[in-house]
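Observations on the model geometry
Residue-level listing of the chains:
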Amino acid sequence: MRLKILFTILIILTVGILVYQKAPEAGLKNFFENQQEELKVENEGAQNEGAASEENLTSKELPSLPKVPEIKPVESKKEVSTPGPLMSPTPAPAASPSTAPTGELASPSPPPSASLTSPGIILEANIQRQQNGLGLLSTDSTLNATALSKASDMCDSQYFAHVSPSGVGVGDLADSFGYDYIAIGENLAYGPFASNAAVVEAWMASPGHRANILNSKFTEMGAAAVRCTFQGKNTWLAVQHFGKPVSDCPRPDAALLQTINGKKDAIAYLKLRITNLKGEIETTHPLDSTYSDKVNSYNSLVGEYNNLIRETKTLISDYNNQVSTFNVCAAS
């Protein structure tokens, strides 16, 4: 009987020990399962947050980067005024400056005492301008030289025309002498003129030549006259050259334009870097250790780009104002 009781107690103790050992094991198991579940939720949250961050960046296009404004062109073109159709270098004997056809003025034979000079022709032309309410033309040494070259070439090559047999016109002549012009004009005459006043009066009687003398655009003048045996006759060949030099108008600042072009190159390079970096960001996972650095670099480059655009816009505005001022001057 006692043995039976002891055996029963032993069984009860054994069952109790087994129950006690299993209970902590189940609790520990539940603990780890709970921790793993929480970690899984946290990881999913981080992934969702990263995905949202990536979506916010990549779902938007590259910000509309401002464009560099256009630079206005200098609009002035070189103007050449050579009035009237050319006439035969052998005029009718009865022709006179007042009755000759409009074109290049000509008449047969000068008196022996006649003397035409560059200063005298310029003075007489300025008298005509003053009488017509216009400003006086200043004498330009380069235009005196081009006028003398033209008169001498006509005598040497025996032609009477605005364009030489070799194809050189007044614009080409001015260029060859280094006269940088906005507008240039040429009057030609040959004949037996008795004085500077006579040749200028003859030009004033011809509408095309008169228009050159009274052209308000011209600001300076040169003149020359050579006594020449032309087509077998002893005569005068007279030339007037009128000009408006580029120096009359304030040129746009070339150094400023160079600075603008340098900044435009820098803008183009920055835009390329921004575009390439955006492509890298779009292919980088938000949990990647380089992701944050790339985004920061991207934002820094965009800020640098926008600042450079603002600076360049200001410079271009200044330059365009200079161009507008020049164009107005050149057109007047």
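Since we're looking at a predicted model, the values are computed, not measured.

**A look at the pairing of strand β4 (residues 181–191)**
Where burial is concerned, most of β4 is hidden: 11 out of the 11 residues are buried. Bridge analysis of strand β1 (residues 79–81) against β4 gives 3 bridges, and the strand direction is parallel. Among the inter-strand pairings, Val80 is bridged to a residue of β4, identified as Ile184. As paired strands, β4 and strand β6 (residues 233–245) are joined by 10 bridges and run antiparallel to one another.

**Structural notes on the nonpolar core**
Among the nonpolar cores identified, the biggest contains 22 residues, and Ile121, Val199, Trp203, Ile213 and Met221 are the most heavily contacted of them. Contributions of two or more residues to this core are made by α2 (118–131), β4, α5 (196–204), β5 (220–230) and β6. In terms of residue count, α5 provides more of this core than any other element does, 5 residues in total. Contacts of Met221, omitting those with residues within four sequence positions, involve Ile121, Ile122, Ala125, Leu137, Ser138, Thr139, Asp140, Leu143, Gln240, His241 and Phe242. Core analysis: the second largest hydrophobic core is formed by 15 residues, Ala147, Met154, Tyr190 and Ala224 among them.

**A word on the pattern of salt bridges**
This structure, assessed with the given rule, holds 6 salt bridges. The residue Asp175 makes a salt bridge to Lys78 at a minimum N-O spacing of 3.1 Å. Of this pair, Asp175 sits in helix α4 (residues 170–176) while Lys78 sits in the loop between α1 (2–58) and β1, and the two are 97 residues apart along the sequence. Classification of Asp175 as partly exposed rests on a relative accessible area of 40%. As a salt-bridge pair, Lys294 and Glu280 come within 3.8 Å of each other at their nearest N and O atoms. You can see Lys294 sitting in helix α8 (residues 291–331) and its partner Glu280 sitting in helix α7 (residues 254–282), a full 14 residues away along the chain.

**A closer look at the confidence of the model for the chain**
The predicted model of the chain has a mean per-residue pLDDT of 79, with 70% of residues at 70 or higher. Across residues 22–62, where pLDDT falls below 50, the model places 17 contacts with residues more than four positions away in sequence or in other chains. For the stretch residues 85–103, pLDDT sits under 50, and the model shows 36 contacts to residues farther than four places along the chain or on other chains.

Conventions used here
Residues numbered from 1 in each chain as written. Predicted model: local features only at pLDDT ≥ 70, side-chain atom pairs only at ≥ 80, totals over all residues. Heavy atoms only, no water. Buried < 20%, exposed > 50% of the residue type's maximum accessible area, 1.4 Å probe, protein only. Helix = DSSP H or I, 4+ residues; strand = E, 2+ residues; numbered from the N terminus. Pairing = 2+ DSSP bridges. Core = buried A, V, L, I, M, F, W, Y, C linked by side-chain atoms within 4.5 Å. Contact = heavy atoms within 4.5 Å. Salt bridge = Lys/Arg side-chain N within 4 Å of Asp/Glu carboxyl O. pLDDT = per-residue confidence, 0-100.

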